[in-house]
Amino acid sequence: MPIVVLVVFALVLFGDGNRPLAGIAIAWFVVLVYETLPVVVWGATPGKLAVGLRVLALDDVGGIPADQAIKRAAATAALAVIPIVGWAVWLSSTLTDPLGRGVADRAGRTMVVPKGFAAVASRDLPGYADGARPPRVVALGRVGDLDVRARARLRRLNDAPLLVAAVGLLALAASLPYPTSAILLGSSAVWVVVFVIDETLRVHRRGATPGHVAAGLVIRDRRTGGLPSTGRSFARALVLGFSLYVPLLGWLFLIPTLLLIRFHSRGAGLHDMVGGTVVVADPALDPEAQRQQAMQMRIGQVT
Amino acid sequence: MALPIRDGLPTRRFPWITLVLMVINVVVFLFIQPSAFQNPPDADRENYYQEYQRQLDAEEFSARWGAVPCELLSGDSVASQPDQCTDISYGPGAEGKSVYLALLTAMFLHGGLLHLVSNMLFLWVFGNNVEDRLGRASYLGVYLIGGVLATFGYVAFNSHLGGPMIGASGAIAAVMGAYFVFHPRARILTMIATAAFQIVYVPAAVVLALFFVTQLFFTADEYVAWEAHVAGMVAGAIMALMIRLVPAFRRRNGTAQPAMPSSF
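Residues numbered from 1 in each chain as written. Chains lettered and ligands numbered in written order. Predicted model: local features only at pLDDT ≥ 70, side-chain atom pairs only at ≥ 80, totals over all residues.

Student: Tell me what's going on with the overall build of chain B, and back it up with residues and numbers.
Tutor: Within chain B one finds ten helices and three strands. Going from the N terminus to the C terminus, chain B shows its helices and strands as β-α-α-α-α-α-α-α-β-β-α-α-α. A globule of 264 residues ought to have a C-alpha radius of gyration of about 18 Å, and chain B, at 20 Å, matches this closely. A total of 264 residues make up chain B; the buried ones form 47% of that total. (Helix = DSSP H or I, 4+ residues; strand = E, 2+ residues; numbered from the N terminus. Rg over C-alpha atoms; globule rule 2.2 N^0.38 Å. Buried ≥ 20, exposed ≤ 12 C-beta atoms within 10 Å, placed from the backbone.)

If you want it as C-alpha cells, here you go:
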C-alpha cells in the first residue's frame with residue numbers, strides 16, 4: 001500500500017500530463033527505490049516484514065548485496081508499471097515456480113523465504129525441480145523436462161551451417177519488393193520445408209539435434225529403443241514443424257504439446273506421439289553428469 | 001528481418017558505460033526532448049493550435065540539436081542560408097545554432113519510442129561485451145568517435161540536405177562493427193521474422209552481416225539514415241581492428257572466460 005501512495009505522490013509532484021512515458025519512468029524509479037532501500041537495510045520491504053518474510057541472496061550469509069537488490073527491484077518495478085501484462089507475468093512466474101521464485105528473484109539471484117532461514121545455496125537450486133516434481137522415468141531412461149527441451153530448441157542452429165545459411169537468406173527476403181504478408185508467409189513456408197528435411201535426417205541418423213546433444217538428451221523409438229526410422233522421424237518432424245512454425249493453426253498443436261511434455265508420464269508431445277518416440281537422458285552419459293548438463297541448460301548457462 | 005534479444009557471452013565486469021549511455025538516452029528522450037516526441041499526434045480539433053505548437057517545438061528542437069548535413073559542410077546554420085543548403089524543405093533551421101556541437105548532441109536524441117527502444121536493445125545486447133573487451137575509456141571512445149564518423153558517412157551521401165538527423169544508431173552501429181571483429185562466433189539469441197518468427201541462437205557474424213546488408217535495401221521513404229549505419233559499422237570494425245594491433249590492448253586479451261559457478 002505505501003508504494004501506491006508514494007507513486008501517486010511522485011507523479012503529482014514531478015509528473016507532466018504531456019509526458020505519459022516520463023510518468024511511467026517516474027513510477028518505475030519510485031518502485032525501484034522502494035524495493036531496493038528497505039531490502040538492503042532491513043532485508044525486506046515493510047509489507048514482507050509485516051507478514052514475516054525476508055529476501056535472501058543466494059549463496060550469501062547476512063545482508064543482501066546492493067547490486068542483487070537493485071537487479072531484483074528493477075525487474076519488480078518494470079513488471080509493476082506495465083498494467084495487466086506486467087502484473088500477469090509477475091503473478092504467473094511467481095506461482096508456477098516450484099519455490100515461488102518469480103522473474104525478479106531470478107534476475108537478482110534471490111529468493112523470498114520465511115524469517116529464520118539463514119542462507120540458501122545456489123548449488124541446491126538448479127535441481128530444485130527434482131525435489132518439487134519427481135523425475136519421470138521410462139524403460140529407456142529419465143524423461144527430458146519441458147524447460148530443458150524448450151531451451152534446447154533455441155540451440156537448433158548450433159552446428160547446423162546449412163540451416164544458418166537458410167535463416168540468413170530468409171532474413172534477407174524481408175528486403176524483397178513484395179507485400180510484407182506475402183514475404184512472411186512465403187519465407188515461413190520455405191523454412192518449414194527446410195526444417196522438416198533437416199530434422200528428419202538428424203533424428204533418423206543421430207537421434208538428436210544439436211540442442212539435444214547440449215542438454216544430454218536423445219530421441220529414441222519408444223518400442224525398439226533404437227533410432228527412429230525415416231518414416232517415423234519424418235512424421236515427427238512434420239508435426240513439430242507445423243506446431244512450431246505455423247502461427248495460429250500451429251498453436252492448436254503447440255499448446256497441447258507443451259502441456260503434454262510437462263505433464264504426460266512419458267513427456268511425449270503430439271510430435272512424439274505421432275512418431276512413436278520418446279526424449280530421454282542419453283544412456284551413454286553418466287546419469288549425474290547428464291543431470292548437471294540438463295540443469296545447466298535449464299538455468300541458461302549453455303549456448 | 002532479424003532482431004537480437006541477448007547473447008550468450010558472459011562479461012567479466014559490469015558494463016557501466018553501456019548502462020550510463022542508455023540512461024542518458026532514455027532520460028534525454030523522456031524529460032528533455034519536447035513532449036511531442038513521446039506522444040502520437042493529437043487528432044483533437046479543439047486543441048489544434050496547441051498541438052500545432054507542440055509539433056513546431058519538436059521540429060525546432062530537432063533543427064537545433066540534430067546533425068544537419070549542409071550545416072556541417074558550410075559551418076553555418078540553415079537559418080543563415082549558406083550556399084551548400086539547396087534542399088531546405090525541412091524548415092527554416094535554428095538561429096544561432098552551434099553547428100558542430102550538434103554532431104555530439106544528435107546522437108543522444110530519438111524520434112520516437114520505437115526508435116529509442118530498438119536502439120537501446122541493440123546497445124545492451126552488443127555493448128556490454130565490447131565494453132568488457134575494450135575497457136571503459138576505449139569503449140566510450142569507439143562509441144563517440146564511431147557516432148561522429150557515422151554522421152559524416154550520412155553527410156557524404158546527403159551533402160545538400162537541410163534536414164536534421166538524430167539518433168544513437170550510428171554510434172551503436174560502430175559498437176556492432178567492433179563486436180563483429182571481437183566475437184564473430186558468439187551466438188546471439190535472435191528473433192527472425194521471415195523464418196516463421198522463430199527465436200533461435202544465430203552466430204553473431206551472421207546477425208551482424210544481415211544487419212549490414214539489409215541497410216542497403218532501405219528506400220528513401222522509410223526515413224532510415226542507412227548511410228550512417230553502414231558508415232558507423234565500418235568505422236567501428238576498423239577501430240576495433242586497429243585497437244587489436246596496438247600491443248597494449250592485445251595483451252589484455254579479449255575472450256571473456258565464462259564464469260563457472262562453483263557447483264559445476
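This is not the end of the story, as more comes after the structure.
Student: Please set out the overall build of chain A residue by residue, giving values where relevant.
Tutor: Helices and strands together make up the secondary structure of chain A, namely 15 helices and six strands. Each of the three principal axes of chain A carries a C-alpha extent, and together these read 65 × 55 × 30 Å. Summarising the internal contacts of chain A: among those between residues at least 6 apart in sequence, 65% fall at separations of at least 24. (Contact = placed C-beta atoms within 7 Å.)

Student: Outline the interface of chain A and chain B, supporting the account with residue identities and numerical values.
Tutor: Chain A puts 33 residues into the contact, and the matching count from chain B is 31 residues. Mapped by element, the contributors of at least two residues to the side of chain A that touches chain B are helix H2 (20-42), helix H9 (161-172), helix H10 (180-205) and helix H15 (287-298) of chain A. Class assignment for the residues of the side of chain A that touches chain B results in 19 nonpolar, ten polar and four charged. (Nonpolar A, V, L, I, M, F, W, Y, C, P; charged D, E, K, R; others polar.)

Student: Tell me what's going on with the nonpolar core, and back it up with residues and numbers.
Tutor: Of all hydrophobic cores here, the largest spans 136 residues; its most connected members are Val-31 of chain A together with Ala-174, Val-175, Met-176, Ala-178 and Tyr-179 of chain B. Broken down by element, this core gets its largest block of residues, eleven residues, from helix H7 (residues 169-182) of chain B. Not counting chain neighbours up to four residues away, the residues in contact with Met-176 of chain B comprise Phe-122, Phe-126, Leu-208, Phe-211, Met-233 and Gly-236 of chain B. (Core = buried A, V, L, I, M, F, W, Y, C linked by C-beta atoms within 7 Å.)

Student: Quick one: what's the story with the environment of Gly-100 of chain A, residue by residue and with numbers?
Tutor: Residue and element names in this part refer to chain A. Within the fold, Gly-100 resides in the loop between helix H5 (85-96) and helix H6 (103-108). A residue is classified by how many C-beta atoms lie within 10 Å of it, and Gly-100, with 13 of them, is partly exposed. Note: C-alpha distance between Gly-100 and Val-246 (146 residues apart in sequence) is 33 Å. Discounting residues that sit within four places of it in the chain, Gly-100 has contacts with Thr-94 and Val-112.

Student: Give me the packing of helix H12 (residues 230-245) of chain A against helix H13 (residues 251-263) of chain A: which residues, what numbers.
Tutor: Residue and element names in this part refer to chain A. The interhelical angle for the contact between H12 and H13, taken along N-to-C directions, is 105°, at an axis separation of 7 Å. Taken together, the axes of H12 and H13 are roughly perpendicular relative to one another. Taking contact as the criterion, the partners of Val-239, Phe-242, Ser-243 and Leu-244 in H12 are, on H13, Phe-253, Leu-254 and Thr-257. The residue inventory of the contact of H12 with H13, partitioned by class, reads five nonpolar, two polar and no charged. (Axes fitted to C-alpha atoms, helices over the stretch in contact; angles between N-to-C directions. Parallel < 35°, antiparallel > 145°, perpendicular 65-115°, else oblique.)

Student: Describe the pairing of strand S6 (residues 277-281) of chain A, naming the residues involved and giving the relevant values.
Tutor: Residues and elements named next belong to chain A. Among the five residues in S6, five count as buried, and that is most of the element. Bridge count between strand S5 (residues 217-221) and S6: five bridges; the pairing is antiparallel. Its bridge partner being in S6, Arg-220 is matched across the sheet by Val-278. (Pairing = 2+ DSSP bridges.)

Student: Give a description of the confidence of the model for chain A that names residues and reports values.
Tutor: Model confidence for chain A is summarised by a mean pLDDT of 89, while 95% of its residues fall at 70 or above. Put simply, helix H7 (residues 128-132) of chain A is where chain A has its lowest mean pLDDT, 49, and helix H14 (residues 270-275) of chain A is where it has its highest, 97. (pLDDT = per-residue confidence, 0-100.)

Student: Report on H12 of chain A, specifying residues and quantitative values.
Tutor: Between its first and last C-alpha, H12 of chain A extends 21 Å over 16 residues, near the 22 Å set by a 1.5 Å rise per residue. Packing partners of the buried residues in H12 of chain A comprise H10, S5, H13, H14 and S6 of chain A. (Expected span 1.5 Å × (residues − 1).)

Student: Which residues make up the sheet that holds strand S2 (residues 187-192) of chain B, and what values do they have?
Tutor: All names here are of chain B. With antiparallel pairing, the three strands of this open sheet are ordered in space as S1-S2-S3. Looking at the sheet topology across the chains shown, the edges are occupied by strand S1 (2-7) and strand S3 (198-203). Here the strands of the sheet are splayed against their neighbours by 35° on average, with no regard to which way each runs. Of the pairings in the sheet, the one linking S2 to S3 comprises six bridges and is antiparallel in character. Counted as the bridge partner of Met-191 is Ile-199 from S3.

Student: Before we move on, can you summarise the pairing of S3 of chain B with the specific residues and values?
Tutor: Side-chain direction in a regular strand flips from residue to residue, so the side chains alternate between the two faces of the sheet. Taken across its six residues, S3 of chain B has five buried, putting it largely inside the fold. The antiparallel hairpin formed by S2 of chain B and S3 of chain B contains five residues in its connecting segment, where Ala-196 of chain B sits at a positive phi of about 65°.

Student: Break down the environment of Ala-106 of chain B for me, citing the residues and quoting the values.
Tutor: Residue and element names in this part refer to chain B. Tracing the sequence through the fold places Ala-106 in the loop between helix H4 (101-105) and helix H5 (113-134). C-beta crowding within 10 Å serves as the criterion here: with 24 such atoms nearby, Ala-106 is assigned to the buried category. For Ala-106 and Gly-147, which are 41 residues apart along the polypeptide, the C-alpha to C-alpha distance reads 9.3 Å. When near neighbours in sequence (up to four residues on either side) are disregarded, Ala-106 contacts Trp-65, Gly-66, Ala-67, Thr-151, Met-165 and Ile-166.

Student: Summarise H2 of chain A; cite the residues concerned and give the values.
Tutor: Look at H2 of chain A: 33 Å from first C-alpha to last across 23 residues, which is about the 33 Å you get at 1.5 Å a residue. Once H2 of chain A finishes, Gly-43 of chain A follows within two positions and takes phi at roughly 95°, a positive value.

Student: Let's hear about the packing of H5 of chain B against helix H6 (residues 136-157) of chain B: which residues, and what values?
Tutor: Residues and elements named next belong to chain B. Relative orientation of the contacting elements H5 and H6 amounts to 125°, with a least axis distance of 7 Å. By the angle between their directions, the pair H5 and H6 is classed as oblique. Note that H5 runs across H6; the crossing there is right-handed. For the pair H5 and H6, the contacting residues are Val-130, Glu-131 and Leu-134 in the first and Arg-136, Ser-138, Tyr-139 and Val-142 in the second. Counted by class, the contact of H5 with H6 contains four nonpolar, one polar and two charged residues. (Left-handed = near helix turned anticlockwise from the far one by under 90°.)

Student: Kindly report on the confidence of the model for chain B, identifying the contributing residues and their values.
Tutor: Residues and elements named next belong to chain B. Averaged over every residue, the pLDDT of chain B is 87; residues scoring 70 or more account for 90%. No element of chain B has a lower mean pLDDT than helix H10 (residues 247-251), at 67, and none a higher one than H7, at 97. Confidence over residues 254-264 falls short of pLDDT 50; this stretch has 15 contacts with residues more than four positions distant or in other chains. Prediction confidence for the complex, expressed as pTM and ipTM, is 0.87 and 0.84 respectively.

Student: Tell me about the environment of Val-68 of chain B, residues and numbers included.
Tutor: All names here are of chain B. Its location among the elements puts Val-68 in the loop between helix H2 (48-65) and helix H3 (69-74). Along the chain, Val-68 and Phe-126 lie 58 residues apart, while their C-alpha atoms are 28 Å from each other. Apart from residues no more than four positions distant in its own chain, Val-68 is found in contact with Val-78, Ala-102, Gly-162, Gly-163 and Pro-164.

Student: Outline unusual backbone geometry, supporting the account with residue identities and numerical values.
Tutor: Residue and element names in this part refer to chain A. One non-glycine residue, Asp-59, lies in the positive phi region at around 60°. The topology assignment puts Asp-59 in the loop between strand S1 (53-57) and helix H4 (66-80). The partly exposed category is assigned to Asp-59, around which 16 C-beta atoms lie within 10 Å.

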